[in-house]
Amino acid sequence: MLTFIYMIFRYDKLMMVLLVLVSSSGQAGAFDPETTPIFDAHIHYSMDVWDAIPAADAIRRLEAVGIKRAMVSSTSDEGTLRLFRSSPGLVLPVLRPYRKFGTTRSWMHDETVIPYLEKRLSKYRYVAIGEFHLQGEEADLPVVRAVVQLAKKYGLMLHVHSDADAIELIISQDPDAKIVWAHAGFEEGHVVSDLLDNHDKLWADLSFRREIFVNGRFLHGWRELLIRHSDRFMLAIDTYIPQRWLKLNEVMGWQRSLLKHLPVEVAKRIAWENGENVVTRHFKGIR
Ligand SMILES: [Zn+2]
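No experiment lies behind these values; they were computed from the predicted model shown.

Trainee: In this structure, what is going on with the sheet that holds strand β7 (residues 202-205)? I would like to understand it.
Mentor: One key point about sheets: their strands pair by backbone hydrogen bonds, in either a parallel or an antiparallel sense. Read from one edge of the open sheet, 8 strands run β1-β2-β3-β4-β5-β6-β7-β10, paired in parallel fashion. The sheet is open, and its two edges are formed by β1 (38-44) and β10 (233-234), each paired on a single side. For β7 and β10, the ladder comprises 2 bridges, and the chain directions are parallel. Each bridged residue has a counterpart across the sheet, and for Ala-204 the counterpart in β10 is Phe-233. Of the strands in this sheet, β2 (67-73) and β3 (91-95) are in contact with helix α3 (residues 78-86), which crosses β3 at around 165 degrees.

And the structure:
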């Protein structure tokens with residue numbers, strides 16, 4: 001009998017230890033930048049890659065580096081639909097104004113873009129219009145103005161590759177516009193900082209900003225900026241050419257290293273929560 005009671009006592013102690021271990025592993029301290037799921041704000045699946053990497057293969061490659069959700073756009077839009085159909089849970093479709101290659105510098109002068117976008121928007125569900133390219137006052141051209149109004153009408157975000165001036169002009173057209181600023185505009189930290197301070201519906205993706213974090217060190221001011229505006233940044237690989245699909249591991253390695261050098265709560269937001277809270281939550285598509 002005594003042996004039996006002792007065994008129960010031992011068993012209880014063991015269970016206590018196990019419970020403590022299990023609950024502590026569920027706390028913030030267990031966040032691991034190496035394995036945490038990633039929201040990617042900037043994936044393209046354009047026509048030059050469809051044959052080499054079919055949709056199911058592309059999805060596998062994204063999943064293999066830990067991407068669990070991604071804003072996807074493509075030239076033409078067919079690529080986005082292919083990826084979405086292959087994995088509706090991973091892909092958040094984004095509609096580009098580009099029907100063919102070579103129009104990134106001219107699309108804003110092409111009035112046929114608007115009926116094209118309207119037709120797609122009435123037929124399919126998207127989270128944003130973009131990614132499209134602009135500089136400065138081009139943002140005030142009639143075609144761009146119409147795109148901003150289309151986003152407003154359909155309750156969509158804009159994914160904009162532009163300088164800070166173009167962002168200001170878009171916001172002056174629609175103060176409620178929600179914008180994901182591709183590459184944080186390739187602008188310097190203080191410019192990004194000012195814009196984020198002044199506009200609370202502006203987010204920025206960090207694709208191609210390798211210079212802000214090199215060999216485990218942040219460029220002056222950037223660590224502070226990422227912490228101060230930790231609810232506004234998202235990670236992004238930007239597969240703008242086929243070769244980028246071969247670099248997913250390398251780019252993700254850089255991103256995870258950057259996360260590792262930030263406070264845990266900041267890293268969690270930038271890795272996943274911002275994208276989920278800002279973009280995924282508002283997607284009205286079939287999920
Ligand atoms: Zn891009």
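Trainee: Any chance you could explain the nonpolar core here in plain terms?
Mentor: The nonpolar side chains of a soluble globular protein tend to be buried, and buried together. Met-71, Ala-128, Leu-158, Val-160, Ile-170, Ile-179 and Trp-181 are the most contacted members of the largest nonpolar core, which has 77 residues in total. It is helix α10 (residues 264-278) that contributes the most residues to this core, 5 residues altogether. Look past the residues within four positions of Ala-128 in its chain and what remains in contact with it is Met-71, Val-94, Leu-156, Met-157, Leu-158, His-159 and Val-180.

Trainee: What am I meant to see in the confidence of the model for the protein chain here?
Mentor: Reading fine detail from the predicted coordinates is not recommended where pLDDT is low. Averaged over the protein chain, the pLDDT score is 91; the fraction of residues at 70 or greater is 89%. A low-confidence stretch, residues 1-9 (pLDDT under 50), is modelled with 0 contacts involving residues beyond four sequence positions or located in other chains.

Trainee: Would you mind going over the packing of helix α4 (residues 113-123) against helix α5 (residues 142-154) with me for this structure?
Mentor: When two helices pack together, their arrangement is given by the angle between their axes and by how far apart the axes lie. Running from amino to carboxyl end, α4 crosses α5 at an angle of 15 degrees, the nearest separation of the two axes being 10 Å. Between α4 and α5, the angle is such that the two are roughly parallel. The crossing of α4 and α5 is right-handed. Each of Val-113, Ile-114, Leu-117, Glu-118 and Leu-121 in α4 lies in contact with α5, whose residues at this interface are Val-143, Ala-146, Val-147, Leu-150 and Tyr-154. When the residues that make up the contact of α4 with α5 are grouped by side-chain class, the tally is 9 nonpolar, no polar and 1 charged.

Rules of the game
Residues numbered from 1 in each chain as written. Predicted model: local features only at pLDDT ≥ 70, side-chain atom pairs only at ≥ 80, totals over all residues. Pairing = 2+ DSSP bridges. Helix = DSSP H or I, 4+ residues; strand = E, 2+ residues; numbered from the N terminus. Contact = placed C-beta atoms within 7 Å. Axes fitted to C-alpha atoms, helices over the stretch in contact; angles between N-to-C directions. Core = buried A, V, L, I, M, F, W, Y, C linked by C-beta atoms within 7 Å. Buried ≥ 20, exposed ≤ 12 C-beta atoms within 10 Å, placed from the backbone. pLDDT = per-residue confidence, 0-100. Parallel < 35°, antiparallel > 145°, perpendicular 65-115°, else oblique. Left-handed = near helix turned anticlockwise from the far one by under 90°. Nonpolar A, V, L, I, M, F, W, Y, C, P; charged D, E, K, R; others polar.

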